[in-house]
Structure formats: structure tokens, C-alpha cells
Amino acid sequence: MTFLMGFLLLICIGVSPAFAAGSSSFNFPQGTVDLISSHPGWNPQQKNSLGLHFKMKEHWHIYWKNSGDSGAAPKWKWTVENARLTGGQWPLPERIHVEGLTNLGYSHESLFIFDLEPQDPAKPVSVVLNLEFLICKVECIPYFTELRKEIPFSAQTGPPAAIFSKFIYPEKAPTSFRWSVDGRTDQILKTTLSLPVNLNLKNLEVFPEDGETFKSSVPALEPQGSQYRIQLPLQDTSKTDFTGSRFLLVTEDTDGNKKGYEMELTAAAPAALATILIWALLGGFILNFMPCVFPVLSIKVLSFLGPDQDKHKLRISGLYYTMGVMCSFLALGGLLLALRAGGEQIGWGFQLQSPLIAAGIALLFVWLGLNFLGTFEIGQSLSYLGAKKTSQSLWGSFMTGVLATVVATPCTAPFMGAALGASLALPAMNTLMVFAGLGLGMALPFLILSYTPQALKFLPKPGMWMQTLKEFLAFPLFATVLWLLWVLSHQIVVDSIIYLLGVFLLVALWVWFTHTIRHEKARQLTLLAGFILSFVLLTALPQESISVSASNTAAAEVWKPFTAEQVQQDLEQGKSVFIDFTAAWCITCQVNKKLVLHTTEIQKAFTENNVQLYKADWTDKDPKITEALAQYGRNSLPLYVFYPAGSRKALLLPEILTKGIVLDLFNKEKEP
């Protein structure tokens, strides 16, 4: 809070700021402040210092250089004659909790020290200090005063006044300390502090100097041998490059003596970024085998089975498909970063949280399915999402890559969740590199196939069977439409779904009508007009929201709606907790439920071990669930979190579950 804000606060509570001028001491109703010297007289053979000594009455406090959630640090302007003033040591601060706010400052007593370097022994050192400070209880009062001090030369030397050794001041952290950024997730910066193995520290506290970027609340600390995993809470206005951010570390040695270290954050290690990129590449590759992607990949498969298998043209087609995938991933990554910078709480798959987008994909798949069945042909446009004439197939290859990316977002493959979560902790350029890695991994099988002539020998020869295959592949597209309708049933009312089905009916009627048009060009234009008209009609889709329906199965009824407060309460009581972060549009989530989580065997294991089950449903946009995901370093689904009984250490399970993975959680608890 600036001093202007302090004045506004004073106006609100009816208190006037106090002004004073004069001597080396200033008395005010809440305490005193004195300008003192370390010695009665200065001498070049000793360390000469000035001190600004505050003493405050009970429950009143002043502020550190980062004041925290409110308040303002003291400000001083020095005029010094016959000496040079250097440094400015702030004693170790404390966290002060007032009315739900966390402030950083000093209560009772504090001493700020400044070093003096006198010049001419024939003259005294003369000091004038213009001081502004804010002192607070619940209400705050600013004071403005002028303090004066004159220190003569003295031939005598001696130790400094006792008050100068009463307080503890930070020192620069040793070079053996290492503190690096691991990644960022929404409002959390994940870091690792590495200390010397033989250094045994206790009660570590972290105070950020930058209050605009970091919150003043206590960060999460997890000791791991000689390392600390530190999660620093971020402000909404935080910067994106954290390298060089300064902190004060306050700790105790084995004898209980407090010490303070000043140090800076360093950039994430290159190896860490390389690891994340490898995860992204593997995750993108595995994404090809997820059920939500197969219907679109079938379109690309047809291009390799077509009669035109010219090596050069296949390579170009593979490149265009790769560009379509990678451009789409980069666009999604850029949009994700832009929306987050604007304060939106979103994550991977966020577009399917919009009923209009889910309905639009379903409508597109209806058109594609009808085309695969041969009910119509649009020679220059829609049908060339597949591949026929090479002159038109390049654009089709690119758009197939775009479409494959759009429908891939409901799925999260192994390695992919960790890569996505870690990417948002990195600078924007590195985050986009991770998204590019995901895209390259997804496009890699087709890129390799298009550049490997030997592999083409194993492809079957063209024939009439290809038409049968094409018609058959229409049905996975229609199955995807059914799935999208099921997703929509969890988002919008039945009347809206009936409206969408009515648009599907209109599409079928329109396609039938075009068969009555004999002129080829007129028929093509009519089909194209119907394609555009269907999406125009879709924009009027009623989007009245409904609460997510509870499952009718007995297994689903035991899952309670997720709230962070209730989970925290269960952990405080020493209970086991299992959290299922899920969504109706997440296919992997639904498969895991059907095959593992909602089975009788697993439900029995949960019951026997008295596990509290929570479902965090992200089908619709929910900032609280997005924030909870970020706490675990993720921004994608699925995510499964388990807390063993009596422990607050979260165990993150793989994206694809098996019964054995879940049952092992309880077997490990029973091991001696």
C-alpha cells in the first residue's frame, strides 16, 4: 500500500497524519524513534554506524522493505556532512497477521543500521534525516519527522553500543546455496533450494522482496534431504521471468540461533527443460493411440492408401500434416498463455468446456461421416480433408492436422500431463517450445511414414476394398458424435440438445435435396451453402447450463463433490483421501472410471481402508478446480491424487490407471 493509500485510509477512519521536526528523537503516541550512533565520537580506527531505533507499544507494528498484503515500508532521505553514508541493513522481519491479511514487518522494537565513512577529523559529522513511516495496529497512522544528529571526532576507540548487537541482520548466502526455478503452474512458482549436505537448518522461512510478484503468505516447504521443494504463491500481477528475484531466508542452526541469508532465484536448469521437451515428444506420440484421435487419423490413413503414392507428393503431404498439427498446438499454447495473462483460469482441453465448440465439432463430424459414406462429394473443399487429387490434398493434409489437434485435446497421454503442467512454469517462449514438442510428437508417425519409402512397400495395393474401408471409417466419426452429445448432456439442457439434433436432421435433408440438382456446379455450391448455413444455425444454440448430473451407479454415489476446505479438514483428522479430477469430455477419465475406479473390487478397497473419495468435476469451467490442479503442478486431465492416512504428502497416480496401481496404494500402507 502506498502512502497515498495510507492517507485515504486515514480519511476513512478519521485520523490525521502527524508531523514533527527537531532533535534526534521523536515521540509519538504509539512509541518512539531515535537516531543513534554506534559510538559517542567517530574515529577512523573503528567501524562507525548510525542506527534508526524504533520502539513500539503492544500490538503496533511497522513494515519491512516488502510490506506484504498492506502497509508501506519506512522511507528516509539523508543529508550528511563530512561523511559518506553507505549500506542500510534491515533486521530480520516477521509475519504479522491482521484481519485476515499477512503483513511483513516489525513489532515491539527494531534497529536499521547505516555505515558512516567520516572524512575530515577536524570536523564533526552532521546528519539530517527526513523520515516517513507508517505504524499500524488495525488502523494505520503515517508520521513525518526530521531527526538531527552531530557526532564529534574522538581519539578514543571502543566497542559499539550494546543496542547495535541486539538484532540479527541477513548476510549474503554462500555460493554453495543453489535456488532454481523448476516450473510454474497458474499462481504457484515451483522451485528447488539445494543446501550443503552438512548444513542442518531448522524452521526455514521465506520472505520475498518483490511484493508485486509474490504473495506474503507462507510458501509450501517440503524438505528432501539437503534440498527443499518450495512452492511460492504468485500475485495475479506477477511477472513471467523470475530469474534474479530476491528473497530473504530465515532459519535456525542446531543451537536455535536465528540466521538470515539473502539470495536470488536462478533460471531453470537446461536439463530440466530438455526433460520436459522429451516428455512432450513422448506424450504427443502416444496421443495417436488415444481413442479420441483415431476417427480423424483414419482420414489421414486413407491418403497413404490412395492410388497416388508418389514419394515426393507423400512427403509434401506429410509435411503439411505436420505443420497443421504443430501450428494448432502452438496456437492453443499461445491462446492458453494469453488467456492466463488476462486472469483466466483455464487448462488443457478448455475449449470443450464451451458447449458451442463441442457442438461445432459434432456437426463437422456429421458432415465428414456423410461424406465418407459417399452421400455427397465436394470436389474442391470438404472431401479433401482426406486425400484425392494432390493439387487439392495439401490444404486437406494441413486441415486434417488442425482437426486432429482439436479433437485430441480431451485426451491426456502418459508423460503429457507432467509436460503441460511444467511448461506453464517456464517463460512464454519455453512454454511454446513444449507445445511444439507435443505437436511434433503427435505428427511424428505420419512424418516418418511419408519419408520412409521402405515402409510404403508394406501398404496394401489400391482396390475396391478402399471404398469399403472409407465407408466403414464413417462409423467411428459418428461414434465420436455420440460421445460429444453425451458431453453436451452434462453441460446444457435437453432442449438445447434437441436443437442440435434438429440441425443434424436439416443437414441430412439438405444432402438429400442436393441429389435432385442435376447441374454439377450448382450441386457443389448448394452443398457448400448448406455446410456454411448449418454452422450459422449452430451459433443460435441455446446454452442454458445445468449442473453436472450425478451418476446413477452405486459406485458414483459415494464420491463427494470436491472442495479444498473439506479435503483439508479430512487431512487434519488423519484420514485417507482420494481425489478424482475428471470431466465428461475427458475420454481417458471415463475409461479409468469404467475399468478401475467404479468397479466393485476397487470400491471395496476404498471402503475397507476408509478412504474419503472426492470428484473434482471440470466438465464446465471452474476456477477453483483449475487452481486446485495448479497446486499439484498440473493443468490437464485426468489427475488422481491420493493422501495416505495420517500424511499430507500427495501421491500423484499415472494418467492411465489399472486396478493394481490403486490396490498397491493400500498394500504399501500395510507394509512394516
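In this text the structure is predicted, and so the values were computed from the model without any measurement.

Some points on the pattern of salt bridges
Move 1: Using the criterion set out here, one finds 13 salt bridges in the structure.
Move 2: Of the charged contacts, one joins E209 and R246 as a salt bridge, the two residues approaching to 3.5 Å between their closest N and O atoms. With E209 in the loop between β16 (202–208) and β17 (220–224) and R246 in strand β19 (residues 246–252), this pair connects stretches of sequence that are 37 residues apart.
Move 3: Residue E209 is classed as partly exposed on the basis of its relative accessible area of 22%.

Quick word on helix α11 (residues 474–489)
Move 1: If you check α11, its first and last C-alpha atoms are 23 Å apart, about what 16 residues at 1.5 Å a residue would give, namely 22 Å.
Move 2: Every buried residue of α11 is listed here: A474, P476, L477, T480, V481, W483, L484, L485, V487 and L488.

Focus on the packing of aromatic side chains
Move 1: On inspection of all chains with the given rule, the structure shows 33 aromatic pairs.
Move 2: On the basis of an interplanar angle of 65° and a centroid distance of 4.9 Å, the ring pair of F214 and F247 is categorised as edge-to-face. Pair noted here: F214 is in the loop between β16 and β17 and F247 is in strand β19, with a separation of 33 residues, a long-range link. In this structure, F214 and F247 share a single accessibility class: buried.
Move 3: Aromatic side chains F562 and F581 sit 5.6 Å apart centroid to centroid with 55° between the ring planes, which places their arrangement in the tilted category. Placement of the pair is F562 in the loop between β21 (560–561) and α15 (564–572) and F581 in strand β22 (residues 576–582), with a sequence separation of 19 residues.
Move 4: A relative accessible area of 0% means that F581 is categorised as buried.

Re the packing of helix α5 (residues 355–372) against α11
Move 1: Between α5 and α11, the shortest axis-to-axis distance is 8 Å and the interhelical angle comes to 160°. Considering their axes alone, α5 and α11 lie roughly antiparallel with respect to each other. Crossing geometry of α5 relative to α11 is assigned as left-handed. On α11, the residues that touch P355, A358, A359, I361, A362, F365, V366, L368, G369, L370 and F372 of α5 are A474, L477, F478, T480, V481, L484 and L488.

Focus on a nonpolar patch on the surface
Move 1: Residues L319, Y320, M323 and Y451 make up a contiguous nonpolar surface patch of about 340 Å² in total accessible area.
Move 2: Mapped onto the fold, Y320 is located in helix α4 (residues 311–341).

Describing the packing of α11 against helix α12 (residues 494–514)
Move 1: Between α11 and α12, the least distance of the axes is 11 Å, while the angle of their chain directions is 155°. Classed by the angle they form, the pair α11 and α12 counts as roughly antiparallel. Across the interface between the two elements, V481, L485, L488 and S489 of α11 pack against I497, L500, L501 and F504 of α12.
Move 2: Partitioning the contact of α11 with α12 into residue classes produces seven nonpolar, one polar and no charged.

So, the state of the cysteines
Move 1: A complete count under the given rule lists two disulfides for this structure.
Move 2: For C136, the disulfide goes to C140, at an S-S distance of 2.0 Å. Of note, the bridge from C136 to C140 carries an S-S torsion of about 115° and is right-handed in sense. When sorted by exposure, C136 lands in the same class as C140, which is buried.
Move 3: Sulfur-sulfur distance for the disulfide between C586 and C589 comes to 2.2 Å.

Topic: the confidence of the model for the chain
Keep in mind that low pLDDT regions are not for reading the predicted coordinates in detail.
Move 1: For the chain, the average pLDDT comes to 80, and 80% of its residues sit at 70 or higher.
Move 2: Taken as a whole, residues 1–21 scores under 50 in pLDDT and shows 36 contacts with residues more than four places along the chain or in a different chain.
Move 3: In this model, residues 379–392 is a region of pLDDT below 50 whose contacts with residues beyond four sequence positions or in other chains number 29 contacts.

Reading guide: rules and limits
Residues numbered from 1 in each chain as written. Predicted model: local features only at pLDDT ≥ 70, side-chain atom pairs only at ≥ 80, totals over all residues. Heavy atoms only, no water. Salt bridge = Lys/Arg side-chain N within 4 Å of Asp/Glu carboxyl O. Helix = DSSP H or I, 4+ residues; strand = E, 2+ residues; numbered from the N terminus. Buried < 20%, exposed > 50% of the residue type's maximum accessible area, 1.4 Å probe, protein only. Expected span 1.5 Å × (residues − 1). Phe/Tyr/Trp six-rings, centres within 6.5 Å; stacked < 30°, edge-to-face > 60°. Axes fitted to C-alpha atoms, helices over the stretch in contact; angles between N-to-C directions. Parallel < 35°, antiparallel > 145°, perpendicular 65-115°, else oblique. Left-handed = near helix turned anticlockwise from the far one by under 90°. Contact = heavy atoms within 4.5 Å. Patch = residues over 30% accessible without salt bridge, like charges linked within 9 Å, V, L, I, M, F, W, Y side chains within 5 Å. Areas by Shrake-Rupley, 256 points an atom, 1.4 Å probe, with all protein chains shown as cover. Nonpolar A, V, L, I, M, F, W, Y, C, P; charged D, E, K, R; others polar. Disulfide = S-S within 2.5 Å. pLDDT = per-residue confidence, 0-100.

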